[in-house]
Amino acid sequence: MIGGDGEAYKIMLTLLSAMVAETTTFPIDLIKTRLQLHGESMESVRRTSAIRIASDVVRKDGFGGLYKGLSPALFRHMLYTPTRIVGYEHLRGVYLQSAESPPFYGKALIGGVSGAVAQLIASPADLVKVRIQADSRLAIQGLQPRYSGLLDALVKIINSEGFLGLWKGVSANVQRAFLVNMGELSCYDHAKSFIVESHICNDNIYAHTLSSIMSGLAATTLSCPADVVKTRMMNQAAGEGDKIRYINSYDCLVKTVRFEGLRALWKGFFPSWARLGPWQFVFWVTYEEFRKLSGLQSF
């Protein structure tokens, strides 16, 4: 374990790396969110695709529309990414004090717990991000968006839904974060160790790339159903009368499967994977290089 200054470096480096990765891949996240909201609880709806959604956004709002909701996404990562990454490494270090490197199931548990705690803290920012991204769908339909920006969304949500309204959908949110980080952090850590120890390649950009691809696939497969439920729960606002579709996460899950089939739980799978793969590649390569330049050991 390194000292307090090292921990501060890690927090700063995870934040910078996450902002680079988020900005690079944000348009894919917006398309994924729109795909997951498409056709919710409707028995018949026109089929759509990632390409069609992207075309609609660009035609209506220009290329800048693909970055609508970026500010709350960056704000979210100020809270979320340092907590989960540094938290995981800290818990792994605690384990190493009494034993050798944790087994894979131990890494999975540590990753899940770190992600769940981080998401609980960052849930309000995630809520605002989802609402602003969903607003672009209203603009395409010729309707007035609900929010003009990050601060406007925060104020309106608190006024109409109360302070705790910022944690709407938090249970589905935390469940998803547990699954994402159980797959992402443990797979990245374990895959990189396997690659290096098996002499497939050294601890360099090639190892980081291979590890990020495997962790992205595992995280997407595990988390996509919870992500769909989370997105739909967070998108609905209180005080809309009969427009409230879901009582809780379980109700959302049941209605989604009933109206749209089991496959709907993996709506947006490929955009999710297409985002998680590049996101993790950019994040981990940037983060590992920053650590190297700062004199810190590899993750």
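Scroll up for the structure.
Residues numbered from 1 in each chain as written. Predicted model: local features only at pLDDT ≥ 70, side-chain atom pairs only at ≥ 80, totals over all residues. Heavy atoms only, no water.

1. Here's the deal with empty space enclosed by the protein
(1) Moving on: Scanning the entire structure with this criterion turns up two cavities of 30 Å³ or more.
(2) Moving on: Taken as a whole, the largest cavity holds about 170 Å³ of empty space.
(3) Moving on: Every residue lining the largest cavity is counted, 15 residues in all, and those nearest its centre are R76, Y80, R176, R275 and L276.
(4) Moving on: Put simply, the parts of the chain that give the lining of the largest cavity at least two residues each are α1 (4–37), α3 (70–96), α6 (170–197) and α9 (269–293).
(5) Moving on: Here the lining of the largest cavity is composed, by residue class, of four nonpolar, one polar and 10 charged.
(6) Moving on: In this structure, the second largest cavity occupies an estimated 60 Å³ of space.
(7) Moving on: Contributing to the lining of the second largest cavity are D29, K32, R176, T220, S223, C224, D227, S272, R275 and L276.
(8) Moving on: Looking at the lining of the second largest cavity, the element that brings in the most residues is helix α7 (residues 205–235), giving four residues.
(9) Moving on: Residue composition of the lining of the second largest cavity, by class: two nonpolar, three polar and five charged. (1 Å grid on protein atoms, 1.4 Å probe; cavity = no way out; pocket = protein on both sides within 12 Å on 5 of 7 lines; lining within 4 Å. Points joined across faces, edges and corners; volume = space filled by probe spheres on them. Helix = DSSP H or I, 4+ residues; strand = E, 2+ residues; numbered from the N terminus. Nonpolar A, V, L, I, M, F, W, Y, C, P; charged D, E, K, R; others polar.)

2. A word on the side chain of Q280
(1) Moving on: Counting through the fold element by element, Q280 comes out in helix α9.
(2) Moving on: Given the relative accessible area of 0%, Q280 is considered buried.
(3) Moving on: Within polar-contact distance, the side chain of Q280 engages the side chain of S215 at 2.5 Å.
(4) Moving on: Setting aside its immediate chain neighbours within four residues, Q280 contacts E184, S212, S215, G216 and V285. (Buried < 20%, exposed > 50% of the residue type's maximum accessible area, 1.4 Å probe, protein only. Polar contact = N/O pair within 3.5 Å; in protein donor to acceptor, adjacent residues only side chain to side chain. Contact = heavy atoms within 4.5 Å.)

3. Comments concerning helix α2 (residues 50–61)
(1) Moving on: Over its 12 residues, α2 extends 16 Å from the first C-alpha to the last, a length consistent with the 16 Å expected when each residue adds 1.5 Å.
(2) Moving on: Within the span of α2, buried status applies to I53, A54, D56 and V57. Considered in projection along α2, the buried side chains sweep an arc of 160° and stay on one side of the axis. For α2, the exposed residues lying more than 90 degrees away from the buried face are I51 and R59. (Expected span 1.5 Å × (residues − 1). Arc of directions from axis to C-beta.)

4. Describing a nonpolar patch on the surface
(1) Moving on: Among the surface-exposed residues, F75, M78, L79, L91, L109, V113, V117 and I121 lie close enough to one another that they form a single nonpolar patch of about 640 Å² accessible area.
(2) Moving on: At the level of elements, α3 and α4 (104–140) are the ones that each hand at least two residues to the nonpolar patch.
(3) Moving on: If you trace the backbone, F75 turns up in helix α3. (Patch = residues over 30% accessible without salt bridge, like charges linked within 9 Å, V, L, I, M, F, W, Y side chains within 5 Å. Areas by Shrake-Rupley, 256 points an atom, 1.4 Å probe, with all protein chains shown as cover. Salt bridge = Lys/Arg side-chain N within 4 Å of Asp/Glu carboxyl O.)

5. Quick look at the side chain of K107
(1) Moving on: Of note, K107 is situated in helix α4.
(2) Moving on: As a buried residue without a salt bridge, K107 has its nearest oppositely charged side chain in D189, at a separation of 4.0 Å.
(3) Moving on: Once you skip the residues sitting within four places of it in the chain, K107 turns out to touch Y88, S101, P102, S186, D189, H190 and S193. (Lys, Arg positive; Asp, Glu negative; His and termini not counted.)

6. Quick notes on the pattern of salt bridges
(1) Moving on: For the structure shown, the criterion picks out 18 salt bridges.
(2) Moving on: A salt bridge links D126 to R76; its shortest N-O distance comes to 3.4 Å. Of this pair, D126 sits in helix α4 while R76 is found in helix α3, placing the two residues 50 residues apart along the sequence. Each of the two residues, D126 as well as R76, counts as buried.
(3) Moving on: Three or more residues are tied together by salt bridges with common partners; here these are E7, K10, E89, R92, D189 and R291.

7. Description of the packing of α3 against α6
(1) Moving on: Viewed as axis vectors pointing N to C, α3 and α6 meet at an angle of 55°, and their least axial separation amounts to 12 Å. As summarised for this structure, α3 and α6 are arranged oblique, according to the angle between their axes. α6 is crossed by α3, and the crossing has right-handed handedness. Between α3 and α6, the residues in contact are R76, Y80, R84, I85, Y88 and R92 and R176, A177, N181, E184, L185, S186 and D189, respectively. (Axes fitted to C-alpha atoms, helices over the stretch in contact; angles between N-to-C directions. Parallel < 35°, antiparallel > 145°, perpendicular 65-115°, else oblique. Left-handed = near helix turned anticlockwise from the far one by under 90°.)

8. Overview of the packing of α6 against α7
(1) Moving on: Running from amino to carboxyl end, α6 crosses α7 at an angle of 175°, the nearest separation of the two axes being 8 Å. On the basis of their axis angle, the class for α6 and α7 is roughly antiparallel.
(2) Moving on: Taken together, the residues of the contact of α6 with α7 break down into 17 nonpolar, seven polar and five charged.

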